[in-house]
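# Notes for the structure review
Given next are the chains, with one letter for each unit.
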Amino acid sequence: MAHVGVPRGTARKRRSVALLATGVLTIPVLAGCTSDSEGPTSVAFPQDIAPASRDRVTDGSTLTWAIDAVPATLNAFQADADSATTRITGALLPSLFPLDAQGEPKLNPDYLESAKVIEQEPKQVVLYKLNQQAVWSDGREIGAPDFVAQWRALSGKDSAFWTARNAGYERIEKIERGKDDLQVRVTFSKPYADWRSLFSPLYPKEVTGSPGTFNDGARTTLKNTAGPFRLRSVNKGKGTVVLDRNPRWWGNEAKLESLVFRAVEPKDRTEALTGGAVDVADIDAATANDVALAARYRGGNGGPPAHGPGADITPAAALRSWALAHGSDEEAAETAQAAREKNREAVAVYAAEQKSLKGFAVRKSLEPAYTQLALNGETGPLSDDRVRRAIARTLDRQELADAVLKPLGLPAKPPGSHLALAGQPGYKDGSGALGDRDTKEAQALLADAGWTVGGAVRKTEDTKAGSEAEKKADEKKTAEEKKAEEKGADKAEKADKDDKASREEGTYIVGDDKPGDRSAGGTDVTAQDKQPGGQAGAYAPAGTAAPAPASVKDRIGKAGKPLTLRFVLPSGPGSQPLRTVGEKIVAMLDSIGISTQITKVDDDSYFKDHIASGDYDMALYSWPATAYPATDGRPIFAKPEPATDGSLLVEQNYTRVGSDHIDQLFDQAVSELDANASRDLLRQADARIWAAAGSIPLYQRPQLVAVDKKLANIGAFGFAAPRYEDIGFTARQAAGSPANRKK
């Protein structure tokens, strides 16, 4: 993803039309691109969930959790699945290898006794041994038939199944029952390093067994589940999804009696918190600040409040207001009394809000996602990798990360990888393949591409030769150059005779009239008259080019055309962090003479109508981290391929920048069963992605969650998947409706 971004689970087979921007990338020597050490790196910031042992968490009660909207589907493998789909199904369906706090998949003993590769030759074979207690909510054992049905639905061989992704499933050759239904033997036609990503979530065969049930049967209901909770209801009118404890759950019983997901738009989260509508909500920095202020709020006892309405009223102002309200001037008294009453009401309302917000804490971490500057390499100046690298080397990534994360008290180290984040086993800083910020080197790269300081000044070719110096210069020119200049002079002379003075802005000739330069009275006003310091009669010789404005002289350009890039940004209130970063990027580029044209668009159309369609030069959006970069990273950085209709398939590579070598490294990594060797191949791919400079990671996104202070084992999870059965209140929730603080 909240920031505008690309949530995991969106259509991995999305198609967009683009032109191939680059073939083989010119990249610097990638020395030191492989790992210096295989030791793990530390997580940039730990999760913040108020952990508590289960014996400290009370049984019962209801928790209400804010989501952006009721999901369009509960089938996580469909194109319109979103983050709410993932959150809800996480409490309902088996996840065989959930992520831990370091973003690494770990076997889930609630569903598996073991799962491992038992053969590599002649083909890879994985044997799953299922937990004997694991059953669906209808009492049927989870077994091989469920694996077979999901494989057939997601293999891509039957187009009747409307699937958004089939990565990994298309490599399966067959699935067999082992000694019994609790043993599942999966044979792959090609080696698959990311086999742990498969069958999570696992749907019952009743959903995946036919196109009809797959396409429509799991969109608004799940009759058969196998998690700590079961689905009670989905009510789009009320904007709620309600889960109850699963009585057939064989693991630790859920501490909560029920779990309600309520649709609350991000802009309405503060009101929902103060009104008691939710117990947990992802929030932005502004709402987090409101919660922090509430903790310091004081009111009553005759003293002024710490902040909010009435906080700026000094004792002297209060005394004057009282005097006016009780004075002899009736009109003034009435006005003062009305103002005092209005202020009292505002203070009372604000105080009530602050009292409600005092019951919440902001739990914060770094979200497993990074925000990048995307440079569209489809056409124009950015199709040249030298220009893209110059843009990247102009940026101060540390300053940009500081602007977003430091005010929140979060570490602000820019990401060093496109394929892993700090703390994950595969993380290695590969940004050295591009280089650190160096504006001189950036200008040198631009100059090598033909874009130079002062290049935005148009050099006219229709000046008239006449001076001795020009005549001597003419003698040194080749015959071809002379012929070309004579042809240009003839055109200029004809234009003079026709008395046409319409020329492009900045390229007009001193002594000639510009359109609109004649006054209504017929007095001639020349371009020279309009230059700073110009005066009537002070004319340069006819044919002398007008001096370019200083602003143009300082601009990077080529052949009289300035280097101007269209920067598309979202305009919604929740996208302010992106606009703040965007403004800083504009200033950095401006400092070396690169111009930008900012276009602000609605959040709803930002991604679909601009990023995915390629209608931008520069843009900011986010990619989620993944435990399976060989699978999930390839469509994001794959080289666009020609389609049969002449267009290009870009998959999710919205920068349109890629290379055959990068694709080959991904293909090798996903087929390499040795984990260390696979990670080394991915680091090599990442180094080349840095060098291609289509995607510049800027900062890891903040994760801010407002949580009722009495809740444990919930908040900013970071990489880790929630353990829904352990979430609950450490003090019994008051009787009444969920999140009901006002009743």
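Computed from a prediction, not measured in an experiment: that's the story for all the values here.

What counts, and at which threshold
Residues numbered from 1 in each chain as written. Predicted model: local features only at pLDDT ≥ 70, side-chain atom pairs only at ≥ 80, totals over all residues. Heavy atoms only, no water. Pairing = 2+ DSSP bridges. Helix = DSSP H or I, 4+ residues; strand = E, 2+ residues; numbered from the N terminus. Axes fitted to C-alpha atoms, helices over the stretch in contact; angles between N-to-C directions. Buried < 20%, exposed > 50% of the residue type's maximum accessible area, 1.4 Å probe, protein only. Arc of directions from axis to C-beta. Polar contact = N/O pair within 3.5 Å; in protein donor to acceptor, adjacent residues only side chain to side chain. Core = buried A, V, L, I, M, F, W, Y, C linked by side-chain atoms within 4.5 Å. Contact = heavy atoms within 4.5 Å. pLDDT = per-residue confidence, 0-100.

Now for the sheet that holds strand S4 (residues 172–177). Read from one edge of the open sheet, four strands run S2-S3-S5-S4, paired in antiparallel fashion. Taken across any chain shown, the strands that pair with only one partner, and hence form the sheet edges, are strand S2 (112–119) and S4. Neighbouring strand axes in the sheet, compared pairwise and without regard to direction, differ in orientation by 15 degrees on average. Note that S2 and strand S3 (residues 125–130) share six bridges and pair antiparallel. By the bridge assignment, Val117 is partnered in S3 with Val126.

Attention shifts here to helix H11 (residues 439–448). Those residues of H11 that sit buried are Ala442, Leu445 and Leu446. Taken around the axis of H11, the buried residues stretch over an arc of 100 degrees, which confines them to a single face. In this structure, H11 carries Lys440 and Asp448 as exposed residues pointing more than 90 degrees from its buried face. With a side-chain oxygen lying 3.2 Å from the backbone nitrogen of Lys440, the N-terminal cap of H11 falls on Asp438. Gly450 lies just past H11 and shows a positive phi near 95 degrees.

Okay, the nonpolar core next. Generally speaking, soluble globular proteins have nonpolar side chains that are buried together. Membership of the largest hydrophobic core comes to 159 residues, with the highest contact counts inside it found for Tyr128, Phe199 and Leu373. The greatest single-element share of this core, amounting to seven residues, is contributed by strand S19 (residues 695–708). Sequence-distant contacts of Leu373, that is, excluding residues within four places in its chain, are made with Ile391, Leu395, Phe567, Ile585, Met618, Ala619, Leu620, Gly694, Ser695, Ile696 and Leu698.

This paragraph deals with the confidence of the model for the protein chain. When pLDDT is averaged across the protein chain, the result is 82; 75% of the residues are at 70 or more. Here residues 462–474 is modelled with pLDDT under 50, and outside its nearest four sequence neighbours on either side it reaches 12 contacts, counting other chains as well. Predicted confidence for residues 734–738 stays below pLDDT 50, and this span has five contacts to residues more than four positions away or in other chains.

Quick look at unusual backbone geometry now. Note the cis peptide between Glu121 and Pro122, where omega equals 0 degrees. Here Pro122 is to be found in the loop between S2 and S3. Omega for the bond connecting Ser200 with Pro201 falls within 30 degrees of zero, at -5 degrees, which places this linkage in the cis form. Looking at the secondary structure, you find Pro201 in the loop between strand S5 (183–188) and helix H3 (205–208). For Ala559, which is not glycine, the phi dihedral falls at a positive 55 degrees. Position of Ala559 relative to the elements: it lies in the loop between strand S12 (556–558) and strand S13 (561–562).

What follows concerns the pairing of strand S1 (residues 62–67). Burial of S1 is extensive: six of the six residues sit out of reach of the surface. Of the two faces of S1, both are covered, the one formed by Thr62, Thr64 and Ala66 as well as the one formed by Leu63, Trp65 and Ile67. Alignment of S1 against strand S8 (residues 258–263), held across six bridges, turns out to be parallel. Counterpart to Ile67 in the pairing with S8 is Ala263.

Attention now goes to the sheet that holds S13. Taking strand neighbours across the sheet as the criterion, the three strands line up as S11-S12-S13 in an open arrangement whose pairing is antiparallel. Strands with a single pairing partner mark the edges of an open sheet, and in this sheet they are strand S11 (452–453) and S13. Relative to S12, S11 runs antiparallel, the two being bridged by two bridges. Looking at S12, one finds that Thr452 is bridged to Gly557.

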